[in-house]
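One-letter residues, chain by chain:
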Amino acid sequence: MIEKILLLSNLAYIASCGTNNVPTFDQTKKTFDCTDGMDVTMPCNIMLVIDPLTSMTYYNIKEDERELRGYRARFDSNGNLVTLLPSSQLPLNFSSFPPPVQTDGHFRPIITINGQVPGPTIIAHENQRLVISVYNELKNVEGVTIHWHGMHHKDTQRADGVAFITQRPIPPNTQFTYDFYASPGGTHWYHAHSGAQRTDGIYGALIVKDTLPGNMYDFDYPDQHTLLLMDWQRDASIDLFYAIGSSLRYWKEVPGQDDYVSYTVTRSADGTVVGPLPFWSGIINDKGRHYDEMNQTNIRNSNLCNFNVSEGNRYRFRLIGAQALYAFRFSIQDHRMTVVSTDGSPIIPIEDVDYVIVNTGERYDVIVHANQTSGNYWIWAETLEVETNIGQGFYNSISKHRAEAILHYDESDDASIDDVDEIKTCTSSSPCKAINCPIRYYGDIIQCTNADEFESVPDHVIPQSIYSPNDTVFLNFGFDGESTTSGSSINGVNFRFPANPPLTEYAEFQNSSDMCPTRGCDHDVATHCACTHVIDISSQPRGSVVELVLTNRATDGSTPNGAPHPIHLHGHYFYVVKIGYPENDTSGLFSAANDDVECVITATNVPCPRNFIAVENQNGGFKQSLRWRDLIRPAGIDTQNRFARKDTVIVPYGGYTVIRFVVDNPGWWFLHCHIEIHQLEGMAVVIKELPKEIPTNNLITCPGAGGSLSNLRVSPLIMIVGVIITTLCVYLA
């Protein structure tokens, strides 16, 4: 097996890679395989230790040595890791130190799980009990929670892991155990759900083994062929958030000049916004490389991951979108894919796919047929940014804004690969095939199948009630308020996390002065409105169907100054019923918002400011002001199609997405944009479902301590600063 593959033009290397008292743990253990020698009846005990480390630094973490002394490293010209210190200054046992966390080859603060980024891959049987102990060893008073993204947690919502919704964050030097059953099957993941910790390294794959219908693949190696995609930043996530929320802005050096220019947002093929902050690097699993735009070279001779296949066989690859912001379009040089599952739910296979667009929070399973000449082939995950936006689709992409890896054939002894400018060629006579596009029009060179066109497999029985929703709720994901700092909102309201989690401290929660509507929310779009926004569907009985119309209308619906939002619902699969796209001109550029939805008061196709979206009614709640235009439901929305199930879906800018779910899982379920900065700014709500049936057993009010924070208010900013407030829990006990 080839361990390193030389990138001929940039002298970087690709290392063999997989998705892999404080108690002792093995830094080199990349996988917890609960199916190895265990059946579904046997609980699986796992330990995850959260540590603050630095990338490109050797550590040897031991139970009795928590100082975490590190030794910096770099890549030499041959792509080998070398230390900055001479060997005479290294400890005698240095040769036993595990390799450092590489990411993109730069030094930066990171947060690791068992000394790794991403954390170890967890593999389980469907319905197997997982008992996962999380130890918080952060030294900066940051609380931690872990969300098991894709798990529905029926009867175990206490394990959903949303800070201040289902639990208090785990204080430093404290342990908390998540105990739940792995369901549903498929490709899922886990990640931090407090502050900005996810994009600093607290994430990993969670694979619940299932069997797809039909004989579609020969091998399924989740420990070898799971790809976590991440847009990695040079600075810690908290620093980026501060820059976004201040007047500091972003500044870039001018090539060849001793000067700086203000960063200008990048745009997609239809002219809408893609990059409100600069792209730095892309990583796949634990490796990537940064492209220096100043010198037009890839700096650092970083290793990249290679994924091994054998000629003639078909392999199941699992793609997980862990990004902070950027959507990636995934492709493999000279190979087409068959898409067989999304967010863990099987769909009727979509064959001969060139590009899979993966948003943060989404998962796609694809079959890769190793049917090419033995050798090495590029794997790319490119952003949707373009240099210009004159309807040229993918083919004027910003150079090197991508994550990279290598598909390697075991039969090949070739240890090199050339850099190329592109790995796919799409023309009007030979168009490429893509899935999950955030815009409708890519000219005649891209043919796209989107989420509302996916179909569930015949084995899945769609409840007949899905076709007759009992209630419809309109939610607008937009930017209102004084600035973008306070602008990320749903129905004009920035979500404020409560001081008391409703699941564990309901009496204190319901008496909070921060519940919507609250003082300061005068529904004037020029002011900042922040409160704990709850969508109460408790009047809907078990088995009923709720329809959510997720809109994406900005302050000015006639300009392209907005972006798509990937929306994630906890605790459920939903059915994707319809996606409504904005209007485009003849060149493919955004021209106007979709007019299927209107504002009740204005009754014209203009954006809805807060005072129209969220109007306080006589009962003290919010009433809707968005509705279907002229009360006419769009064509096709009530047809009995075989809708696919997802838990994360894109809402196009200027458009809408219609989803439906069955009311069958009691709990307080978070619904939010999965772009990190949008969720932290307040683009979220909580859905209150079947409250009388919410289990009350084994609820812990304050991990490792006890006490009350009922007199404290928790804003998104406090969450960002590290959920410092939670540490007080220890002292108030």
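This report concerns the structure included in the present document. Here the residue numbers are simple positions, counted from 1 along each chain's written sequence. For this predicted model, a pLDDT threshold of at least 70 governs which residues receive local features, and a threshold of 80 or more governs which side-chain atom pairs are given and counted, while totals over whole chains, interfaces and linings are taken from all residues. Hydrogens and water molecules were not included; the side-chain quantities draw on all heavy atoms of the structure.

### Topic: the overall build of the protein
Starting at the N terminus, helices and strands are each numbered in turn, a helix being any DSSP run of H or I of at least four residues and a strand any DSSP run of E of at least two. Secondary structure assignment for the protein yields six helices and 53 strands. In the protein, which comprises 733 residues, the share counted as buried stands at 62%. About 26400 Å² of surface is accessible on the protein, with carbon and sulfur atoms providing 48% of the total. Classification of residues uses two cut-offs on accessible area relative to the type maximum, computed with a 1.4 Å probe and protein chains only: under 20% is buried, over 50% is exposed, and between them is partly exposed. Here the accessible surface of atoms and residues is derived via Shrake-Rupley with a 1.4 Å probe, and residues count as covered only by protein chains that are part of the display.

### Quick notes on the state of the cysteines
Two cysteine sulfurs form what is called a disulfide whenever their separation falls within 2.5 Å. By the definition in use, this model includes four disulfides. Note that Cys437 is cross-linked by a disulfide to Cys448, the S-S spacing being 1.9 Å. An S-S torsion of about 105 degrees defines the bridge between Cys437 and Cys448 as right-handed. Separated by eleven residues along the polypeptide, Cys437 in the loop between strand 33 (432–435) and strand 34 (446–449) and Cys448 in strand 34 bring together distant segments of the chain. Here Cys516 pairs with Cys531 through a disulfide, and the sulfurs are 1.9 Å apart. Residues Cys516 and Cys531 are joined through a disulfide that is right-handed, its torsion about the S-S bond being 95 degrees. Placement of the pair is Cys516 in the loop between helix 2 (506–510) and strand 38 (530–531) and Cys531 in strand 38, with a sequence separation of 15 residues. Each member of the pair, Cys516 together with Cys531, is buried.

### Describing the sheet that holds strand 6 (residues 71–75)
When DSSP locates at least two bridges between a pair of strands, those strands are taken to pair. Strands sit in the order 5-6-7 across an open sheet of three strands; the sheet is antiparallel. Looking along the sheet, the strands with just one partner apiece sit at the ends: strand 5 (57–58) and strand 7 (81–83). One ladder, built from two bridges, connects strand 5 with strand 6; its direction is antiparallel. Within strand 6, the residue paired with Thr57 across the bridge is Arg72.

### A word on unusual backbone geometry
What is expected of a backbone is that most residues other than glycine have negative phi and most peptide bonds are trans. At the junction of Val117 and Pro118, the peptide bond is cis and its omega measures out at -10 degrees in the coordinates. The topology assignment puts Pro118 in the loop between strand 8 (109–113) and strand 9 (121–125). Omega for the bond connecting Ser183 with Pro184 falls within 30 degrees of zero, at 0 degrees, which places this linkage in the cis form. Tracing the sequence through the fold places Pro184 in the loop between strand 12 (174–181) and strand 13 (186–192). A positive phi angle is found at Phe164, which is not glycine, with a value near 70 degrees. Non-glycine residue Asn491 carries a positive phi angle of around 55 degrees. The exposure class assigned to Asn491 is buried, which follows from its relative accessible area of 9%.

### A look at the pairing of strand 12
The side-chain alternation of strand 12 yields one buried face, formed by Thr174, Phe176, Tyr178 and Phe180, and one unburied face, formed by Gln175, Thr177, Asp179 and Tyr181. Of the strand pairs in this sheet, strand 10 (residues 129–136) and strand 12 are connected by eight bridges, and their pairing is antiparallel. Considered in strand 12, the bridge of Val131 is made with Asp179.

### With respect to the sheet that holds strand 51 (residues 656–662)
Taken together, six strands build an open sheet; the order of strands is 36-35-40-51-42-49 and the sheet is mixed. Lying at the two open borders of the sheet, with one neighbouring strand each, are strand 36 (488–490) and strand 49 (645–646). Of the strand pairs in this sheet, strand 35 (residues 471–479) and strand 36 are connected by three bridges, and their pairing is antiparallel. Pairing of Phe477 across the sheet is with Ile490, part of strand 36.

### Describing the side chain of Thr383
Among the secondary structure elements, Thr383 is positioned in strand 30 (residues 376–383). What qualifies as a polar contact is a pair of N or O atoms within 3.5 Å, subject to a donor-acceptor requirement within protein and to the restriction that residues adjacent in sequence count only when both atoms come from side chains. A polar contact is formed between the side chain of Thr383 and the side chain of Glu385, at a distance of 2.6 Å. Whether two residues are in contact is decided by their heavy atoms, any of which lying within 4.5 Å being enough. Setting aside its immediate chain neighbours within four residues, Thr383 contacts Phe279, Tyr326, Ala327, Phe328, Arg329 and His401.

### Concerning helix 1 (residues 237–244)
Residue pairs three or four apart in sequence face the same way in an α-helix, which turns once every 3.6 residues. Buried within helix 1 are the following residues: Ser237, Leu240, Phe241, Ala243 and Ile244. An end-on view of helix 1 places all buried positions within 160 degrees of arc, on one side of the element. When we speak of the arc, we mean the arc of directions from the helix axis to the C-beta atoms.

### Observations concerning the pattern of salt bridges
Definition used for salt bridges: Asp or Glu carboxyl oxygen within 4 Å of a side-chain nitrogen of Lys or Arg. Using the criterion set out here, one finds 33 salt bridges in the structure. Put simply, Glu547 and Arg660 hold a salt bridge, and the shortest N to O gap is 2.9 Å. Note that Glu547 is positioned in strand 40 (residues 545–551) and Arg660 in strand 51, a separation of 113 residues in sequence. Residue Arg660 is classed as buried on the basis of its relative accessible area, which comes to 0%. Between Arg629 and Glu598 there is a salt bridge, and its shortest N-O distance comes to 3.3 Å. Taken as a pair, Arg629 in the loop between strand 48 (626–628) and strand 49 and Glu598 in strand 45 (residues 597–599) lie far apart in primary sequence, 31 residues in all. Each member of the pair, Arg629 together with Glu598, is buried. One continuous salt-bridge network, built from bridges that share partners, spans Asp210, Asp220, Arg316, Arg318 and Asp365.

### Focus: the nonpolar core
Formed by 75 residues in total, the largest nonpolar core has its most connected members in Leu227, Phe317, Val339, Val356, Ile379 and Leu548. With near-sequence residues (within four places) excluded, Phe317 lies in contact with His225, Leu227, Phe307, Val309, Tyr364, Asp365, Val366, Val368 and Leu407. In plain words, nonpolar cores are sets of buried Ala, Val, Leu, Ile, Met, Phe, Trp, Tyr and Cys residues tied together by side-chain atoms within 4.5 Å.

### Structural notes on the packing of aromatic side chains
Stacked, edge-to-face and tilted labels apply to pairs of Phe, Tyr and Trp rings (six-membered ring for Trp) whose centres lie within 6.5 Å, assigned for plane angles under 30 degrees, over 60, and everything in between, in that order. Summed over the entire model, instances satisfying the criterion amount to 25 aromatic pairs. Centre to centre, the rings of Phe474 and Trp628 are 5.4 Å apart; their planes meet at 70 degrees, and the pair counts as edge-to-face. With Phe474 in strand 35 and Trp628 in strand 48, this residue pair connects regions lying 154 residues apart in the sequence. Between Phe495 and Phe670, the ring centres sit 5.5 Å apart and the planes meet at 70 degrees, which makes this aromatic pair edge-to-face. Of this pair, Phe495 sits in strand 37 (residues 494–495) while Phe670 sits in strand 52 (residues 667–673); the two residues are 175 residues apart in sequence, bridging distant segments of the chain. Neither residue differs from the other here; Phe495 and Phe670 are each classed as buried. Counting every residue linked through ring pairs, the aromatic cluster contains Trp148, Phe176, Tyr178, Phe180 and Tyr190. The ring of Phe107 has Arg72 lying over it, and the distance from NZ or CZ to the ring centre is 4.3 Å. Between Arg329 and the ring centre of Tyr355, over which it is positioned, the NZ or CZ distance is 5.8 Å. A ring is considered to have a charge above it if a Lys NZ or an Arg CZ atom is located within 6 Å of its centre and within 35 degrees of its normal.

### Focus on the pairing of strand 14 (residues 203–209)
Burial of strand 14 is extensive: six of the seven residues sit out of reach of the surface. Across four bridges, strand 9 lies against strand 14 in parallel orientation. Paired with Ile123 across the two strands is Ile207, which belongs to strand 14. Where strand 13 lies against strand 14, six bridges are found, and the strand directions are antiparallel. When the bridges of strand 14 are listed, Tyr190 appears paired with Gly204.

### Focus: the environment of Asn470
Turning to its location among the elements, Asn470 is positioned in the loop between strand 34 and strand 35. Residues Asn470 and Gln540 lie 70 residues apart in sequence; the distance between their C-alpha atoms is 7.9 Å. Excluding residues within four positions of it along the chain, Asn470 makes contact with Gln540, Ser544 and Val545. Only 2.7 Å separates the side chain of Asn470 from the backbone nitrogen of Val545, close enough to count as a polar contact.

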